[in-house]
Amino acid sequence: MNLKVMMVFGTRPEAIKMAPLARLMLNHPDIDLHICSTGQHREMLASVIDAFGLQVNEDLNVMTKNQTLNSLSQHLLEKLDDAYARYNPDIVLVHGDTTTSFIACFAAFHRHIPVAHIEAGLRTGDLQSPWPEEANRRLTGVLADLHFPPTDAAHQNLINEGVPPDHIIVTGNTVIDALLWMKDSLKHTNWSPSAGSDLAQIDQGRKVVLITGHRRESLGHGFEQICLALCDLAARYPDILFVYPVHLNPQVHDVVHHMLGKQANILLVAPQDYRHFVWLMNRAFLILTDSGGVQEEAPALGKPVLVLRNVTERPSGQPDDQAMLVGTDKDKIVRQASRLIDDPDYYSRFSKPHSPFGDGHACERIIERLCVWKHMQTLDKCA
Ligand code: UD1
Ligand code: UDP
């Protein structure tokens, strides 16, 4: 009997990080994969599914504009319960720290369905940051049966919390599998943005600084500070183009467009599909972001990254980690970005490609462990 796996994701980063695993599982002779999108995100998720050539088996379509965490959770719990009843999986796969991840785990737990947690064990130690993701990740960690931390540090966090060692395996982060796959595919097809697309406006040879931001704990004051820092940097460096794919959350979108929409050398564009975004990261000279995924991808591409957060659950282990953590303090952002732009020696310290978060083989390790798990379950039943 094949292993019946139900993979649940709902947001852009979960889908990107699950996509290479789904591609492998769909070709695995011993696995029957059922892909369930909760639809916590809509447009931003659809573009990922398309970029990786996937098809979802069911879409719970829960997103509403400006959704609150509680109404989102309530809809997810009900709809996931129905989905589990219909498919009756042997195991549910969840990823990371979103509302989808935790509620999918919680609903499976209520039905006695085992859960495997990918990108497990990341911790800041601060329940308010990232909010609510630190809590989602910890709660999922309590309920999951198998834990796939990306790094040794994340593994240690799980051990410290009492997770049995034989339920954990360090895999590397699947985002590096996704990134390398997309990078290769762009290279082989010599791909570049088509004429007329947003990114076609980027002149060849012009220096590009890429920006992304969306964290709920920074909404309001934090975002205003980030925008003021970008205004300052754009005025200091008129030859540089600052490209900002703006997240669709209205509380991000509206303030960013209001504060930055009229700056000549700031290009505000819609969220980019993964193909365009990987091209853009590769094209950038410097990246400013509060995104976990981008923070993991940037070093693999040899791009210095300033993290627009006060704490991170993703220490890279490099000596300069702290210098790169600039938070939402306007002066600190401007100071660090200017130093990287003005000082080539300083820049070169941060622009050597290295991959502290994964080697591109995380998905294979996850599948191998799931097959062992299935085998052990079968032995237990026979005993
Ligand atoms: C969510 C995750 C966060 C993750 C982020 C990735 C939670 C609590 N947060 O935050 O961990 O880092 O996704 O981007 O799960 N919207 C659209 N179209 C889309 C996507 C979003 O219009 O395709 C708008 C909607 O108005 C939606 C709002 O953005 O209500 C917020 O989306 P939501 O998923 O609740 O939170 P994010 O801030 O995106
Ligand atoms: N990303 C993308 N298009 C964009 C911005 C980001 O494809 O316009 C990708 C990025 O490469 C990374 C992931 O989305 O893999 C990060 O998602 P996000 O920042 O929404 O969430 P987080 O990583 O913070 O959870």
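Structure's up top.
None of these values were measured; they are calculated from a predicted model. (Residues numbered from 1 in each chain as written. Chains lettered and ligands numbered in written order. Predicted model: local features only at pLDDT ≥ 70, side-chain atom pairs only at ≥ 80, totals over all residues. Heavy atoms only, no water.)

### Considerations on the sheet that holds strand S9 (residues 266–269)
To be explicit about the condition: Pairing between strands requires that DSSP locate at least two bridges from one strand to the other. Numbered from the N terminus, helices here are DSSP runs of H or I no shorter than four residues, and strands are runs of E no shorter than two. Throughout, an axis means a line fitted to C-alpha atoms (over the contacting stretch in the case of helices), and angles, computed between N-to-C directions, take values from 0 to 180 degrees.
Spatial strand order, S9-S8-S7-S10-S11: five strands in an open sheet with parallel pairing. Of all the strands in the sheet, the pair left with one neighbour each is S9 and strand S11 (305–307). Each neighbouring strand pair of the sheet contributes to a mean axis angle of 20 degrees, computed without reference to strand direction. Of the pairings in the sheet, the one linking strand S8 (residues 241–245) to S9 comprises four bridges and is parallel in character. Residue proline 245 lies in a different strand from S9, and its bridge partner there is valine 269.

### Quick notes on the site of ligand 2
Heads up, the rule is: One heavy atom suffices: a residue is near a molecule or strand as soon as one of its heavy atoms comes within 4 Å of it. We define a polar contact as two N or O atoms separated by no more than 3.5 Å, with the added condition that, inside protein, one atom must be a possible hydrogen donor and the other a possible acceptor, whereas residues neighbouring each other in sequence contribute only through side-chain atom pairs. For the area figures, the Shrake-Rupley method with a 1.4 Å probe applies, and any residue is considered shielded solely by the protein chains shown.
Ligand 2 sits among 16 residues. The nearest are Arg12, Gln272, Ser291, Gly293 and Glu297. With respect to ligand 2, the side chain of arginine 215 contributes an N or O atom lying 3.3 Å from an oxygen atom. Glutamine 272 is positioned with one of its backbone polar atoms (N or O) 2.7 Å from a nitrogen atom of ligand 2. In isolation ligand 2 has 530 Å² of accessible area, and contact with the protein removes 95% of it. When residues of the shell around ligand 2 are traced back to their parent elements, those giving at least two are helix H1 (12–26), helix H10 (274–283) and helix H11 (292–300).

### As for unusual backbone geometry
Glycine aside, the phi torsion of most residues is negative, and most peptide linkages are trans. A cis amide bond, omega 0 degrees, links serine 129 with the succeeding residue proline 130. Tracing the backbone shows proline 130 in the loop between strand S5 (115–118) and helix H5 (133–143). Of note, the bond from tryptophan 131 into proline 132 is cis; its omega dihedral lies within 30 degrees of zero at 5 degrees. With a phi close to 60 degrees, histidine 112 is a non-glycine residue in the positive phi region.

### A short note on the site of ligand 1
Heads up, the rule is: Each residue gets one label: Ala, Val, Leu, Ile, Met, Phe, Trp, Tyr, Cys and Pro are nonpolar, Asp, Glu, Lys and Arg are charged, and the others, such as Gly, are polar.
Near ligand 1, the surroundings consist of 25 residues, among which Gln40, His41, Glu43, Glu133 and Arg216 are the closest. The backbone of asparagine 66 places a nitrogen or oxygen atom 2.9 Å from an oxygen atom of ligand 1. In this structure, glutamine 67 approaches ligand 1 through a side-chain N or O atom, which is 2.8 Å from an oxygen atom. Contact with the protein chains covers 96% of the free accessible surface of ligand 1, which is 740 Å². Its residues assigned to classes, the shell around ligand 1 shows seven nonpolar, 11 polar and seven charged.

### Things to note about the pattern of salt bridges
Heads up, the rule is: The rule for a salt bridge is simple: a side-chain nitrogen of Lys or Arg has to be within 4 Å of a carboxyl oxygen of Asp or Glu. With a 1.4 Å probe rolled over the protein chains alone, any residue whose accessible area is under 20% of its type maximum counts as buried; one over 50% counts as exposed, and the rest are partly exposed.
Across all of its chains, the model carries 19 salt bridges by this definition. The closest approach of N and O atoms between arginine 215 and glutamate 133, which form a salt bridge, is 3.5 Å. With arginine 215 in the loop between strand S7 (208–212) and helix H8 (221–236) and glutamate 133 in helix H5, this residue pair connects regions lying 82 residues apart in the sequence. Exposure remark for arginine 215: the relative accessible area of 7% places this residue in the buried category. Notably, a salt bridge pairs aspartate 331 with lysine 330, separated by 3.9 Å at the nearest N-O pair. Look at aspartate 331 and you get partly exposed, because its relative accessible area is 47%. In this structure, a network of salt bridges that share partners links the residues Lys17, Asp97, Glu119, Arg137, Glu296, Arg309, Glu313 and Arg314.

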